[in-house]
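Each chain, letter by letter, is given below.
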Amino acid sequence: MPWPAVRLPTAAHAIIERQPISDLIFSPGRPPIVEQDGRLLAVRVQGLPVLTADHTQRIAADLIGTNKHALDTLREQGACDISYGLPGNARFRVNVFMQRGSCAIVMRVIPGAIPTFAALKLPQELAAITELRTGIVLVTGPTGSGKSSTMAAIIDMINETRSYHIVTIEDPIEFLHPHKKCVIHQRELHSDTPSFALALRAALRQAPKAILVGEMRDKETIEIALEAAETGHLVLSTLHTIEKIIHSRLAKSFRYIVSQRLIPRKEGSGRVAAIEILKSTLRTREYVERGEQEGKTLLDAMRDGDTEGMQHFDGEIEKLIRDGAIDAETGLAYATNPGNLRLLLADLLDPEKESVSAQAVPESKDGELEIER
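Residues numbered from 1 in each chain as written. Predicted model: local features only at pLDDT ≥ 70, side-chain atom pairs only at ≥ 80, totals over all residues. Heavy atoms only, no water.

1. Observations concerning the overall build of the chain
So, point 1. For the chain, the helix and strand inventory stands at 15 helices and 13 strands.
So, point 2. The 373 residues of the chain split such that 45% are buried.
So, point 3. Partitioning the intrachain contacts of the chain with sequence separation of at least 6 by distance along the chain shows that 54% fall at a separation of at least 24.
So, point 4. Accessible area for the chain stands at about 19,400 Å²; split by element, carbon and sulfur atoms hold 50% of it. (Helix = DSSP H or I, 4+ residues; strand = E, 2+ residues; numbered from the N terminus. Buried < 20%, exposed > 50% of the residue type's maximum accessible area, 1.4 Å probe, protein only. Contact = heavy atoms within 4.5 Å. Areas by Shrake-Rupley, 256 points an atom, 1.4 Å probe, with all protein chains shown as cover.)

2. Quick look at the nonpolar core
So, point 1. Among the nonpolar cores identified, the biggest contains 32 residues, and Ile136 and Met216 are the most heavily contacted of them.
So, point 2. Among the elements that take part in this core, helix 7 (residues 219-230) stands out by supplying six residues, more than any other.
So, point 3. Sequence-distant contacts of isoleucine 136, that is, excluding residues within four places in its chain, are made with Met216, Ala225, Leu226, Ala229, Val235, Leu250, Ser253, Phe254, Arg255 and Tyr256. (Core = buried A, V, L, I, M, F, W, Y, C linked by side-chain atoms within 4.5 Å.)

3. Some thoughts on the environment of leucine 48
So, point 1. By the secondary structure assignment, leucine 48 is in the loop between strand 3 (39-42) and helix 2 (53-64).
So, point 2. For the pair formed by leucine 48 and proline 32, sequence separation is 16 residues and the distance between their alpha carbons is 9.1 Å.

4. Points about the pairing of strand 12 (residues 254-264)
So, point 1. As paired elements, strand 7 (residues 135-140) and strand 12 share five bridges and run parallel to each other. Across the sheet, the residue bridging to valine 139 is valine 258, located in strand 12.
So, point 2. Inspection of the sheet shows strand 12 paired to strand 13 (residues 271-279) by nine bridges, in the antiparallel sense. Bridged to glutamine 260 within strand 13 is isoleucine 275.
So, point 3. Remark: six residues form the turn of the hairpin made by strand 12 and strand 13, two consecutive strands paired antiparallel; glutamate 267 in that turn has positive phi of roughly 60°. (Pairing = 2+ DSSP bridges.)

5. Comments concerning the sheet that holds strand 12
So, point 1. The strand order across the open sheet built from seven strands is 9-8-10-11-7-12-13, with neighbouring strands paired in mixed fashion. Looking at strand neighbours, the two that pair on one side only are strand 9 (183-188) and strand 13, the edges of this open sheet. Recorded for the sheet is a direction-independent mean angle of 15° between the axes of neighbouring strands.
So, point 2. As paired elements, strand 8 (residues 165-170) and strand 10 (residues 210-213) share four bridges and run parallel to each other. Bridge pairing in strand 10 places valine 167 opposite isoleucine 211.
So, point 3. Across the sheet, helix 7 touches strand 7, strand 10 and strand 11 (234-239), and the angle it forms with strand 7 is around 135°. (Axes fitted to C-alpha atoms, helices over the stretch in contact; angles between N-to-C directions.)

6. Points about the sheet that holds strand 3
So, point 1. The six strands are arranged 3-2-1-6-5-4 in an open sheet whose pairing can be described as antiparallel. A strand with exactly one partner marks an edge of an open sheet, and here the two such strands are strand 3 and strand 4 (79-86). Shown here is a sheet whose adjacent strand axes are inclined to one another by a mean of 25°, direction ignored.

7. Overview of unusual backbone geometry
So, point 1. A cis amide bond, omega -10°, links aspartate 171 with the succeeding residue proline 172.
So, point 2. Position of proline 172 relative to the elements: it lies in the loop between strand 8 and strand 9.

8. Some thoughts on the packing of helix 6 (residues 196-203) against helix 7
So, point 1. Two numbers describe how helix 6 lies on helix 7: the axes approach to 9 Å, and their chain directions differ by 15°. In terms of their interaxial angle, helix 6 and helix 7 are classed as roughly parallel. Note that helix 6 runs across helix 7; the crossing there is left-handed. Counted together, Phe196, Ala197, Leu200 and Arg201 of helix 6 and Glu220, Thr221, Ile224, Ala225 and Glu227 of helix 7 form the full contact between these two elements. (Parallel < 35°, antiparallel > 145°, perpendicular 65-115°, else oblique. Left-handed = near helix turned anticlockwise from the far one by under 90°.)

9. Concerning helix 11 (residues 313-322)
So, point 1. Across the ten residues that make up helix 11, a large majority, eight, are buried.
So, point 2. Within the span of helix 11, buried status applies to Phe313, Asp314, Gly315, Glu316, Ile317, Glu318, Leu320 and Ile321.
So, point 3. Those residues of helix 11 that are buried lie in contact with strand 12, strand 13, helix 12 (328-334), helix 13 (338-344) and helix 14 (346-349).
So, point 4. Positive phi shows up at glycine 324, right after helix 11, with a value of about 85°.

10. A closer look at the pairing of strand 9
So, point 1. Going residue by residue along strand 9, you find Ile184, Gln186 and Glu188 tucked away on one face and Val183, His185 and Arg187 left uncovered on the opposite face.
So, point 2. As judged from the six bridges shared by strand 8 and strand 9, these two strands associate in the parallel manner. Its bridge partner lying in strand 9, threonine 168 is registered against glutamine 186.

Here it is, written out as structure tokens:
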């Protein structure tokens with residue numbers, strides 16, 4: 001079956017205009033697929049019941065274009081990352097990869113407008129990041145948890161409130177930041193620089209006040225980022241997991257570690273972010289530097305640190321359940337400790353049992369417990 005007359009840019013634009021979606025997936029043997037609110041939905045395109053291996057290869061070629069580095073990487077490593085734009089309409093972060101001898105493509109939709117704190121419903125505590133002069137701020141979480149959007153909102157707030165030179169190093173560039181009060185230079189991996197480490201080392205000679213590193217993927221990049229934070233720069237970056245960077249140098253340099261999970265709302269009406277905030281204090285720096293022990297964990301510190309702006313996943317998930325934003329079973333599935341969270345929600349999940357329990361241990365008039373014999 002020949003590829004339909006409708007070209008990829010037109011088709012992609014038509015698809016994303018129908019509903020707000022997060023991803024487009026092109027795979028042989030299936031129609032085009034979109035992800036909307038965490039669900040995969042088939043998109044019927046006239047004259048194209050399913051994609052063939054030839055179709056996906058042509059789509060990949062259309063996306064890669066004249067990008068020799070991406071083409072070489074695809075041939076040598078079996079996958080490549082690129083950015084793709086429909087001027088005035090949409091931008092995408094694209095991964096092309098080989099599977100069972102044929103091409104498949106996943107296109108992550110990048111919103112045209114830079115997200116704001118209000119739009120993302122970010123905790124107000126995170127606004128304090130824009131007032132920092134030095135140190136390192138990390139946003140962690142799995143792929144698709146909204147790390148890039150949170151980072152973009154923070155950079156945009158700095159751009160509106162500070163007079164800084166900001167250098168970003170990204171793979172690929174996602175949100176395009178205009179110059180406001182700040183001067184912002186955005187560098188893209190492979191087209192503007194061969195590696196995060198080289199670009200980060202060069203940034204130290206470019207007089208920035210703030211540096212955004214799209215992702216810290218290797219030890220060299222992490223070491224240079226820590227050096228930048230220690231020498232008077234504000235460094236912002238993302239990680240999939242914090243475990244690979246915990247050590248004594250981080251204890252002295254980190255200011256905030258923010259972790260995110262996107263949880264489906266009730267009745268499939270979108271997703272809501274549960275955000276965990278670890279803030280630099282004497283206690284948390286000690287735990288990071290010396291390691292966690294029983295009764296002295298970062299989770300303990302976050303539970304006790306609500307007056308200092310800290311919060312932890314299960315506490316936030318409990319609030320979302322009680323507010324009716326998500327259902328209990330979904331929240332428990334995303335919890336760090338589902339057993340403990342279930343106990344905290346006992347009054348909601350099993351009110352009759354809770355009532356019987358309360359009657360078994362009556363309270364006296366003066367507030368002390370009465371023990372029945």
